[in-house]
Amino acid sequence: QVQVAESGGGLVQPGGSLRLSCAASGRIFTISAMGWYRQAPGKQRELVARITSSDRTSYIDSVKGRFTISRANAKNTVYLQMNSLKPEDTAVYYCNAVGTVAPGGILNDYWGQGTQVTVSS
């Protein structure tokens, strides 16, 4: 089994910063990409940022220039540095890992439990 665990959420004032961390562990053969999704109350889950095994990154328009995704290969760990936070960034943030558990295996999605980020004065 593959486990994905997030940490680093919390309450922050508008304009503040938070850093989310996510680690994938367990029976992993390879990770092809990891990303951060978020879901606000009454809204659909959306992809916020993604990074591939070759370090290609992509971001939703609303966070470009404010959020940065990075990773540490050896530990299947990904980070999301969030700066200049706005109230509309308030959501539960979920970490996603796409990978295989065996050579030539199919790609699967693995999800964390989510961490709450609240931006409020």
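Before reading further, recall that the structure is shown in the block above.
Treat the numbers as computed from the prediction; the structure is a model and nothing was measured. (Residues numbered from 1 in each chain as written. Predicted model: local features only at pLDDT ≥ 70, side-chain atom pairs only at ≥ 80, totals over all residues. Heavy atoms only, no water.)

A.B. asks: It is not clear to me how the nonpolar core should be interpreted in this structure. Could you clarify?
C.D. replies: Inside soluble globular proteins, nonpolar side chains tend to come together where they are buried. Formed by 28 residues in total, the largest nonpolar core has its most connected members in Met34, Trp36, Phe67, Val78, Leu80, Met82 and Tyr93. For this core, the elements supplying multiple residues, two or more each, are strand S1 (2–7), strand S3 (18–26), strand S4 (30–39), strand S5 (46–52), strand S7 (67–72), strand S8 (77–82), strand S9 (91–100) and strand S11 (115–119). With residues near it in sequence (within four places) discarded, Met82 still touches Gly16, Ser17, Leu18, Leu20, Arg66, Phe67, Tyr93 and Val117. (Core = buried A, V, L, I, M, F, W, Y, C linked by side-chain atoms within 4.5 Å. Buried < 20%, exposed > 50% of the residue type's maximum accessible area, 1.4 Å probe, protein only. Helix = DSSP H or I, 4+ residues; strand = E, 2+ residues; numbered from the N terminus. Contact = heavy atoms within 4.5 Å.)

A.B. asks: How should unusual backbone geometry be read in this particular structure?
C.D. replies: A negative phi angle is the norm for most residues apart from glycine, just as the trans form is the norm for most peptide bonds. Of note, Asp55 is a non-glycine position whose phi angle comes to about 70°, a positive value. For Asp55, the location among the structural elements is in the loop between S5 and strand S6 (57–59). Its identity as a non-glycine residue notwithstanding, Ser84 has a phi of 50°, on the positive side. Position of Ser84 among the secondary structure elements: in the loop between S8 and S9. On the basis of relative accessible area, Ser84 is assigned to the partly exposed category, the value being 39%.

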